[in-house]
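Reading the structure
Spelled out, the chains give:
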Amino acid sequence: MAVLKVKFTKTKRDKLAQILWILNWVSVVSGIILFSLGLFLKIEIKKRNEVMAKGDVNSVPNMLISVGVIACIINFLGGKICYDCSDANKFSRWKLVMLPYIICTFCFTFCILVGALMCYTMRNELEESLYLGLRDAIKFYKDTDIPGRCFLKKTVDMLQIGFQCCGNNGFRDWFEIQWVSARYLNMASKEVLDRLKSNVDGKFLVDGVPFSCCNPSSPRPCIQYQLTNNSAHYNYDFLTEELNIWVKGCREALLDYYTAIMRSIGIAALFIWLFELSVLIGVRYLQTAMKNVLLLGDLEGESDGWLLENSFVETAKYNINIIKNLGKANQISTVSGMNDPNIDVQNTNCGKTNVTTKPIPTA
């Protein structure tokens, strides 16, 4: 029994073909949108590439870009097919193509759904990449004279100013590394030498942060050094001075920024997937309706269209049997006593040696 069977007159078939022709062109635009969204996300990730560790963070934008390109090609072909389906004579040349086209389009729409879901599952990979990348960027903040690292100070400062953040997890991350270059340390100062000697690794560690951590909304001049020493500053309590520097870590700030972008892209991709799925359903109805018209032989008469010719269970069993029998066409089945059907066929007497021959008459 056919699933969701609908009866179509010639007028309805023609209108369905015309509507699907228009919708396929709209789908081409949706493919361009997917491509643009993937490209936008890839550019945004590349902007902060210096503070991200190498990983699979580009898998989502690459997926969206690929799906967008494929969408333009498939829907362009679908528009041509639907336009020709308004004429039964032109449909005959697409008759063998439409079913493979529908199967390929179904797989393609599934890829759109996967791309949309990946936008929501990418957060963990992105968080790990940001954590490792920011850790290394802060670690090499002082290396302004080393090639390959000389621009990290500017990158980190612009990042902290732009995203109103400080450090990787928070401002205390700066306490654990030497972020002041040795060329700017006064080695004749007893305080500097004491700090270098007090550290096992010989690093100059201070409870201070770079200027880019300062909050311009603070009512008092920014306090960068001795942040945890209340007695070093007048009328100061580091536990309550939240406006002095940014409290949020840059990893959290960047993660919130990219999460908001990917959430918006994911919603857009889900809507595009629903639209593509509805177009695919319409193409399936058109294909079955036109196929039945040719079988009936009455091009002006009514015909049935459906999503599946048999029930879901029967269709599933049929496809499973096809998959199971793949590659077995040339094998001899010996299950349940079944042998090669050619074994029991009687041979001819072509090979007999006792066949009598008639003598050839002599002249």
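About the cut-offs
- Residues numbered from 1 in each chain as written.
- Predicted model: local features only at pLDDT ≥ 70, side-chain atom pairs only at ≥ 80, totals over all residues.
- Heavy atoms only, no water.
- Helix = DSSP H or I, 4+ residues; strand = E, 2+ residues; numbered from the N terminus.
- Buried < 20%, exposed > 50% of the residue type's maximum accessible area, 1.4 Å probe, protein only.
- Phe/Tyr/Trp six-rings, centres within 6.5 Å; stacked < 30°, edge-to-face > 60°.
- Salt bridge = Lys/Arg side-chain N within 4 Å of Asp/Glu carboxyl O.
- Axes fitted to C-alpha atoms, helices over the stretch in contact; angles between N-to-C directions.
- Parallel < 35°, antiparallel > 145°, perpendicular 65-115°, else oblique.
- Left-handed = near helix turned anticlockwise from the far one by under 90°.
- Patch = residues over 30% accessible without salt bridge, like charges linked within 9 Å, V, L, I, M, F, W, Y side chains within 5 Å.
- Areas by Shrake-Rupley, 256 points an atom, 1.4 Å probe, with all protein chains shown as cover.
- Nonpolar A, V, L, I, M, F, W, Y, C, P; charged D, E, K, R; others polar.
- pLDDT = per-residue confidence, 0-100.
- Contact = heavy atoms within 4.5 Å.
- UniProt positions renumbered as here; feature names shortened; annotations may be inferred.
- Disulfide = S-S within 2.5 Å.
- Polar contact = N/O pair within 3.5 Å; in protein donor to acceptor, adjacent residues only side chain to side chain.
- Expected span 1.5 Å × (residues − 1).

Here's the deal with the overall build of the protein chain
- On a plain count of helices and strands, the protein chain comes out with 9 helices and 2 strands.
- Written out in order from the N terminus, the α and β elements of the protein chain read β-α-α-α-α-α-α-α-α-β-α.
- Here the protein chain holds 363 residues, and 38% of them are scored as buried.

Details of the packing of aromatic side chains
- For the coordinates displayed, the defined rule picks out 8 aromatic pairs.
- Between tyrosine 141 and tryptophan 179 the ring centres are 6.3 Å apart and the planes differ by 70°, which places this aromatic pair in the edge-to-face class. With tyrosine 141 in the loop between helix H5 (123-139) and helix H6 (152-162) and tryptophan 179 in the loop between H6 and helix H7 (190-198), the pair connects residues that are 38 residues apart, well separated along the chain.
- Given a relative accessible area of 9%, tryptophan 179 falls into the buried group.
- Seen in terms of ring centroids, tryptophan 179 and tyrosine 225 are 6.1 Å apart; in terms of plane orientation they differ by 15°. Their pairing is stacked.

Quick word on the pattern of salt bridges
- Following the criterion strictly, the structure yields 11 salt bridges and no others.
- Of the charged contacts in the structure, one is a salt bridge between lysine 190 and aspartate 194, with a shortest N-O distance of 2.8 Å. Of the two residues, lysine 190 and aspartate 194 are both situated in helix H7; the distance of 4 residues between them amounts to about one turn of the helix.
- The exposure class of lysine 190 is exposed, given its relative accessible area of 61%.
- Salt bridges here are not isolated pairs; linked through shared partners, they connect Glu44, Lys47 and Arg48.

Considering the packing of helix H1 (residues 10-47) against helix H8 (residues 250-296)
- Where H1 meets H8, the closest approach of the two axes is 9 Å, and the angle between their N-to-C directions is 155°. One way to sum up the angle between H1 and H8 is to call them roughly antiparallel. As H1 packs across H8, the resulting crossing turns out to be left-handed.

Some points on a nonpolar patch on the surface
- Judged by side-chain polarity, Trp21, Ile22, Trp25, Val26, Phe76 and Tyr83 come together as a nonpolar surface patch covering roughly 610 Å² of accessible area.
- Elements that contribute at least two residues to the nonpolar patch include exactly H1 and helix H2 (59-84).
- No other element matches the 4 residues that H1 contributes to the nonpolar patch.
- Considering the arrangement of structural elements, one finds tryptophan 25 in helix H1.

A word on the packing of helix H4 (residues 95-121) against H8
- One way to put it is that H4 packs onto H8 with a least axis distance of 9 Å and a crossing angle of 165°. Taken together, the axis directions place H4 and H8 in an arrangement best described as roughly antiparallel. Considering only the axes of H4 and H8, their crossing is left-handed.
- By residue class, the composition of the contact of H4 with H8 is 22 nonpolar, 4 polar and 4 charged.

What to know about the confidence of the model for the protein chain
- The pLDDT averaged across the protein chain works out to 81; a share of 83% of its residues lies at or above 70.
- Low pLDDT, under 50, characterises residues 332-345; the stretch is placed with 3 contacts to residues that sit more than four places away or in other chains.
- Every residue in residues 350-358 is under pLDDT 50, and counting partners more than four places away or in other chains gives 1 contact.

Comments concerning the UniProt feature "transmembrane region" (unreviewed entry) in the protein chain
- If you check UniProt for "transmembrane region" (unreviewed entry), the listed places come out as residues 20-40, 60-78, 98-120 and 265-286 in our numbering.
- Annotation note: span residues 60-78, helix share 100%, strand share 0%, distance between end C-alpha atoms 26 Å.
- A distance of 31 Å separates the end C-alpha atoms of residues 265-286, which is 100% helix and 0% strand.

Some words on the state of the cysteines
- Within the structure shown, the criterion is met by 3 disulfides.
- Sulfur-sulfur distance for the disulfide between cysteine 165 and cysteine 250 comes to 2.1 Å. Here the disulfide of cysteine 165 and cysteine 250 is right-handed, its torsion about the S-S bond being about 85°. On the criterion of sequence distance, the pair formed by cysteine 165 in the loop between H6 and H7 and cysteine 250 in helix H8 is long-range, its members being 85 residues apart.
- Paired through a disulfide, cysteine 166 and cysteine 213 show a sulfur-sulfur distance of 2.1 Å. Taking the torsion about the sulfur-sulfur bond, which here is approximately 85°, the covalent link between cysteine 166 and cysteine 213 counts as right-handed. In this pair, cysteine 166 is assigned in the loop between H6 and H7 and cysteine 213 in the loop between H7 and H8, connecting sequence segments 47 residues apart. Assigned by exposure class, cysteine 166 and cysteine 213 land together as buried.

Regarding the side chain of serine 30
- Inspection of the secondary structure puts serine 30 in helix H1.
- A polar contact of 2.5 Å, which involves the side chain of serine 30, links it to the backbone oxygen of serine 27.
- With near-sequence residues (within four places) excluded, serine 30 lies in contact with Ile272 and Glu276.

Considering H4
- Over its 27 residues, H4 extends 40 Å from the first C-alpha to the last, a length consistent with the 39 Å expected when each residue adds 1.5 Å.
- Of all the positions in H4, only Met98, Tyr101, Ile102, Thr105, Phe108, Thr109, Ile112, Leu113, Gly115, Ala116 and Cys119 are classed as buried.

Comments concerning the side chain of threonine 109
- If you trace the backbone, threonine 109 turns up in helix H4.
- The buried category is assigned to threonine 109, whose relative accessible area is 1%.
- With sequence-adjacent residues up to four places away left out, threonine 109 is seen in contact with Trp273, Glu276, Leu277 and Leu280.

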